[in-house]
Amino acid sequence: MREPVTMAIVGAGNRGQQYARLAAASGRGRVVAVAEPVAERRERVARAYGLPPEAVFADWRAMALAGRLADVAVIATQDRDHVEPAVTLAGQGYHLLLEKPVAPTEPEADRVVAAAEQAGVYLAVCHVLRYTPFTRRVRALLDSGRLGEVVAVQHLEPVGWWHFAHSFVRGNWRNEGLSAPMLLAKACHDVDWLQYVIDRRPLRVSSFGGLAHFRPEQAPEGAGERCVQCGVEASCPYSAARLYRSCLGDPDRERWPLGAVVDTPTPEAVEVALREGPYGRCVYRCDNDVVDHQVVNIEYEGGVTASLTVAAFTPMANRKTRILGTRGYLDGDGATIKVFDFLTGVEQTIDVWAGESMDAAGGHAGGDAGLVEAFLSAVAHGDPSMIKTGPAESLISHRVVWAAERARREGRVVQLRSQT
Ligand SMILES: NC(=O)c1ccc[n+]([C@@H]2O[C@H](COP(=O)([O-])OP(=O)(O)OC[C@H]3O[C@@H](n4cnc5c(N)ncnc54)[C@H](O)[C@@H]3O)[C@@H](O)[C@H]2O)c1
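Residues numbered from 1 in each chain as written. Predicted model: local features only at pLDDT ≥ 70, side-chain atom pairs only at ≥ 80, totals over all residues.

### Quick notes on the domain arrangement of the chain
Piece 1. You can read the domains of the chain as domain 1 (5-121), domain 2 (129-214 + 289-361 + 389-415) and domain 3 (216-280).
Piece 2. Contacts between the two partners involve 9 residues from domain 2, matched on the other side by 13 residues from domain 3. (Domains from an automatic or database assignment. Contact = placed C-beta atoms within 7 Å.)

### Overview of the pairing of strand 13 (residues 336-341)
Piece 1. The pairing of strand 12 (residues 328-332) with strand 13 spans 5 bridges and is antiparallel. Residue pairing for strand 13: Asp 331 is matched across the bridge by Lys 338.
Piece 2. Hairpin connection of strand 12 to strand 13: 3 residues between the antiparallel strands, including Gly 334 at a positive phi of 85 degrees.
Piece 3. Taking the residues between adjacent antiparallel strands as the criterion, strand 13 and strand 14 (residues 347-351) are bridged by 5 residues, where Gly 345 takes a positive phi near 75 degrees. (Pairing = 2+ DSSP bridges. Helix = DSSP H or I, 4+ residues; strand = E, 2+ residues; numbered from the N terminus.)

### Regarding the site of the ligand
Piece 1. Residues in close proximity to the ligand total 28 residues, the closest being Gly 11, Gly 13, Asn 14, Arg 15 and Glu 99.
Piece 2. In terms of residue count, helix 1 (residues 14-26) provides more of the shell around the ligand than any other element does, 3 residues in total.
Piece 3. In terms of residue class, the shell around the ligand is made up of 12 nonpolar, 8 polar and 8 charged.
Piece 4. Each of two domains, domain 1 (5-121) and domain 2 (129-214 + 289-361 + 389-415), supplies a minimum of three residues to the shell around the ligand. (Near = placed C-beta within 6 Å. Nonpolar A, V, L, I, M, F, W, Y, C, P; charged D, E, K, R; others polar.)

### Brief notes about the packing of helix 1 against helix 14 (residues 367-381)
Two numbers describe a pair of packed helices, the interaxial angle and the distance between the axes.
Piece 1. The geometry of helix 1 relative to helix 14 is characterised by a closest axis approach of 9 Å and an angle of 65 degrees between their N-to-C directions. In terms of orientation, helix 1 lies roughly perpendicular with respect to helix 14. Here helix 1 runs over helix 14; the crossing is right-handed. Contacts between helix 1 and helix 14 pair Gln 18, Tyr 19, Leu 22, Ala 23 and Ser 26 from the former with Asp 368, Ala 369, Val 372, Glu 373 and Leu 376 from the latter.
Piece 2. For the contact of helix 1 with helix 14, the residue count by class is 6 nonpolar, 2 polar and 2 charged. (Axes fitted to C-alpha atoms, helices over the stretch in contact; angles between N-to-C directions. Parallel < 35°, antiparallel > 145°, perpendicular 65-115°, else oblique. Left-handed = near helix turned anticlockwise from the far one by under 90°.)

### Overview of the sheet that holds strand 1 (residues 5-10)
Piece 1. Ordered in space as 3-2-1-4-5-6, the 6 strands form an open sheet in which the pairing is parallel. Here the strands that pair on one side only, and so sit at the sheet edges, are strand 3 (56-57) and strand 6 (123-125).
Piece 2. Direction of pairing for strand 4 (residues 72-75) relative to strand 5 (residues 95-98): parallel, over a ladder of 4 bridges. From the neighbouring strand, Ala 73 faces strand 5, where its bridge partner is Leu 96.

### Remarks on the nonpolar core
Piece 1. Ala 8, Ile 9, Val 72, Ala 73, Val 74, Leu 96 and Leu 98 are the most contacted members of the largest nonpolar core, which has 123 residues in total.
Piece 2. In terms of residue count, the dominant contributor to this core is helix 14 (7 residues).
Piece 3. Contacts of Val 72, omitting those with residues within four sequence positions, involve Val 5, Met 7, Tyr 94, His 95, Leu 96, Leu 97 and Val 379. (Core = buried A, V, L, I, M, F, W, Y, C linked by C-beta atoms within 7 Å. Buried ≥ 20, exposed ≤ 12 C-beta atoms within 10 Å, placed from the backbone.)

### Quick look at the packing of helix 9 (residues 188-198) against helix 15 (residues 391-410)
Piece 1. Contact geometry for helix 9 and helix 15: axes closest at 9 Å, N-to-C directions at 120 degrees. By the angle class used here, helix 9 and helix 15 are oblique. Considering only the axes of helix 9 and helix 15, their crossing is right-handed. Counted together, Cys 188, Val 191, Asp 192 and Gln 195 of helix 9 and Ser 394, Ile 396, Ser 397, His 398, Val 400 and Val 401 of helix 15 form the full contact between these two elements.
Piece 2. Here the contact of helix 9 with helix 15 is composed, by residue class, of 5 nonpolar, 4 polar and 1 charged.

### Quick look at the sheet that holds strand 7 (residues 150-158)
Piece 1. Pairing in this open sheet of 9 strands is mixed, and the strands run 14-13-12-11-7-10-9-8-15 from one edge to the other. If you trace the sheet from one side to the other, it starts and ends with strand 14 and strand 15 (414-415), each paired once.
Piece 2. Examined bridge by bridge, strand 9 (residues 293-300) and strand 10 (residues 305-311) share 7 bridges and lie antiparallel to one another. Paired with Val 296 across the bridge in strand 10 is Leu 308.
Piece 3. Set on the sheet, helix 9 makes contact with strand 7, strand 8 (202-210), strand 9 and strand 10; between it and strand 7 the angle comes to about 155 degrees.
Piece 4. Helix-sheet contacts for helix 15 involve strand 8, strand 9 and strand 15, and the interaxial angle to strand 8 is about 50 degrees.

### What to know about the environment of Val 72
Piece 1. Counting through the fold element by element, Val 72 comes out in strand 4.
Piece 2. Separated by 37 residues in the primary sequence, Val 72 and Ala 109 place their C-alpha atoms 19 Å from one another.

This is the structure we're talking about:
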């Protein structure tokens, strides 16, 4: 049995703690340092992994000053705070498990990749969907030739009405200036997934979308500034009071989404957050500007096409995908795959349920665990081929996202440069 890979957690929020937990549970990783400004989170990690005070930091810069403390750094800070720790820690020789997006812009992402290459360290981007049992099965079916040649893919990312309100109206990803466009913050996973299953060079992109609903002029008559002082809260599907109070008592939902709202899940803390915090605000009166629905069409080499719809206005459900091949048709939803064979007219149903839901609370249906396992194994065995989401792959799909955003804003078809 190999020694566990040692890990420094940079940003011990929702994702940082999740990767720490999964690494420890798998026995493949051992958390030896943490950098986190929020005392409660920092101390929770220090306690959970028995860290000495000299391995506990309030900021990644202070951690960097101490020199290299671990084999890998897990960079799980917010979207706009990935680049500097990634570049610095790569330079110190840490292998990087880096949350998506690599960076908000292409030049910054190029900087991160160049820093990792120059330092000769591994870089895995947390595109967790590539690591689910569902995706493995879809890829195996495609590789087996059962569908013939793939001609087109139709993919829906049903974000879910309350999840969208939580993350993209009230929460961390509500405003492009604070994080990133919704497509980069959320659906870079889907663009990346399409890239993985289609496995061809993307050539051009078009996109439409906007912020249809979560705007002041859509507020119903009688709406208050906050749900706890609103005359129409009971009839509002986006009530924060209903959402967050109902999480109490359910450990998974206390971790997410409630973990973003309060550090300690008590009824008192929830009421304070509803009265005073950003997550108690009326969805029609926030400082949000990211789109709530978007379509993206991509053309790949060989004329293969993909269409992606991302939208708030759905139940909280798994992604839905249809793959259209010359010999067969696949319809999948993360739990079940149906394959229809054109020669025999027979449909086969394959159950690939990983026992975990597709959301963050459920570990993305095995994707989080699969990613951690692949990355730590790659480091332990010195074999980067185990990483399915290295810098080259991740840059290709990030570039499609940036091109799609240009296409949407400028109302045109954007050609991708030949490097992708
Ligand atoms: N791969 C996925 O499926 C997935 C899912 C959700 C979020 N994400 C991404 O993960 C990242 C983190 O998201 P989250 O939900 O965990 O956010 P979070 O806000 O819960 O965690 C970020 C943490 O970084 C800490 N931080 C801020 N400044 C720091 C500094 N100088 N040094 C060290 N730590 C610092 C914050 O205090 C916070 O605890 C984001 O980029 C997000 O887009 C990825």
